[in-house]
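# Topology and contacts: notes
Next come the chains, spelled out residue by residue.
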Amino acid sequence: MVRLKQTVERPDEDTYERRLERVQEHVAAMSRRRFLAIPGILGSVIGGAFAVFEIELLKGKKFHLRPPGALAEEKFLATCLRCGQCAQACPYNSVRLAAAEEGIAIGTPYIEARRIPCYLCEDLPCIKACPSGSLSKEITDRGNVKMGLAVIVDRQACIALQGLRCEVCYRACPLLGKAIALEFRPHEVTGKHAIFEPVVNFDACVGCGLCEHACILETPAIKVLSLADAKGLMGRHYRIGTKTG
Amino acid sequence: MILRDPVSEKFRKWLVIRRAAQISVVGMFLLFPLTGVAWIQGNIGAANLFGLSVADPLSVLESIVASRRVYVPALIAAGIVIVFYLAVGGRAYCGYVCPAGLFFEASSAVRNAVLKAFSRPKRTGWNVELSPHLKYYLLIGVLAVSAVTGVMTFEIFSPIGIATRAIVNDFAPANPNAQNLERVAVAGASVGLLVLVGIALFEAAFSKQAWCRFVCPLGAFYSIVGRLSLLRVRIDHTDCALCLNCQSDCPAKYVLDRPLAKEQEFVTMGDCTNCGSCIDSCPSASLKFALRLPWQK
């Protein structure tokens, strides 16, 4: 029987040269390894398609009353950097930032008129603070702001329309007398009283929400709606001969 | 936090500097909400630093592809940030600035403490390793989905945005100088925090800093910036004994492979965050920060 000779040199001896060799072997092995590009690309395409589907589903679910000067909603969601500088600039803490529950609007600024409305500052500090142009610097006069439109959503609940003197929304409006007018007419039931009906002028209303905030009802009868929800559009073929002004 | 490296017995200078930077960034953004001193406003997405407007470059890039419109002031604000990270190292953002990174590092610390307390020595626990290339696919995906849907996509699920809003915008009223001191209090204190906590729990259980290493599209963006960055780690082989203690501490070990194999002098891979843990852990002071020009190896 031949006895195998034991090798004299020990291959596992930890010298500097061995360590360097091991590191170099590792680098060579890593550079031979290829990242699986095809599953990666396939996964991205499928994942991306799902993401597009989800986002399209979430789009336009809810109206957010944006701060003054905000671009149209789809442009706003495409540009707002969610930095909260408009909220920090607001002297009334009116501007809130959307929570994750708001889906794709997460982190974007909005105003809850019933909590704290927009007081429509003369100098519009929120627009000045915006770094992304999502609150357009082109709006320099507060009369040109168009955040939404105030609408009397429930004529049966509005106490002014029941013949009581209220005028609270009319008085709260920062564009007093321009955006909300009081139209009065005789009270048909009593015959000797008047009804003072608040009427919103869509051309002047900026949608700040002060009227919604001020409404004395438990649930307001006047609310700020999005332009799309509030406005009708007449067919272009109509010609109104009696139109004044 | 162990302030001395067990092998090199050196004071962990860079770890201390890094923690100080991470905490200062959070403190910096809290200055206005807590004191009303308006030197610095905004959050990690975009900010106004003493009148200088800066913005997260990936957010701005997304906004450009989503809106198909270039708003020059935002582009300049993003450019300033890119130039800054071209100087100090792309993913230095991840190591020194990102508030979510700080949170996830805390989750790693918990993981290490639990493993140390409850398992036999040398047990490392579960550690799922994915490909570091994954995040580049996510970066491209995020930009593509932004372009198709017209909605900034990363912002929807970004734990960085959620963390920054939870800290900066929920802590106090947005404007402490305002007449009405109601808190904004909706930004982060919501299901959004579940994203943050969920990632942290996943990392603590299965994979150390998995978000930062494999997933984060912003990390991928800064990784690309990092390839051209000027400040990089240089290895000097004269005293190096190849003990590999540097690699054992490195959060992205593969970045040290080629420099250690003597193939190149600098750590050139973008995933290096310039965190300096290799420098602190080297017993022979063979690693140092040095100026690297983009074409140098």
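These remarks concern the structure in this document.

About the thresholds
- Residues numbered from 1 in each chain as written.
- Chains lettered and ligands numbered in written order.
- Predicted model: local features only at pLDDT ≥ 70, side-chain atom pairs only at ≥ 80, totals over all residues.
- Pairing = 2+ DSSP bridges.
- Helix = DSSP H or I, 4+ residues; strand = E, 2+ residues; numbered from the N terminus.
- Axes fitted to C-alpha atoms, helices over the stretch in contact; angles between N-to-C directions.
- Contact = placed C-beta atoms within 7 Å.
- Expected span 1.5 Å × (residues − 1).
- Bend = angle between axes of the 7 residues up to and from the residue.
- Buried ≥ 20, exposed ≤ 12 C-beta atoms within 10 Å, placed from the backbone.

### Regarding the sheet that holds strand β3 (residues 52-55) of chain B
Residues and elements named next belong to chain B. The antiparallel open sheet is built from three strands, whose spatial order is β1-β2-β3. Since the sheet does not close on itself, it has two edges, and those belong to β1 (40-43) and β3, each with one partner. Averaged over all neighbouring strand pairs, the angle between strand axes comes to 15°, with direction disregarded. With four bridges joining them, strand β2 (residues 46-49) and β3 adopt antiparallel strand pairing. Bridging from a neighbouring strand, Asn 48 pairs with Ser 53 of β3.

### Concerning the environment of Val7(B)
Residue and element names in this part refer to chain B. Take Val 7: it is sitting in the segment before α1 (13-35). Taking C-alpha positions, Val 7 is 6.9 Å from Pro 283, a pair spaced 276 residues apart along the chain. Not counting chain neighbours up to four residues away, the residues in contact with Val 7 comprise Asn 245, Ser 281 and Pro 283.

### Some details on α1(B)
At 3.6 residues per turn, the α-helix brings residues three or four places apart onto the same side. Between its first and last C-alpha atoms α1(B) spans 31 Å; for 23 residues at 1.5 Å apiece the expected length is 33 Å, and the two agree. Along its length, α1(B) reaches its greatest deviation from straightness, about 35°, at Phe29(B), and the proline Pro33(B) lies no more than four positions downstream. All of the buried residues in α1(B) are Arg18(B), Phe29(B), Phe32(B) and Pro33(B). Next to the buried residues of α1(B) lie α4 (85-89) of chain A together with β1, α4 (92-97) and α8 (159-169) of chain B. Gly36(B) lies just past α1(B) and shows a positive phi near 85°.

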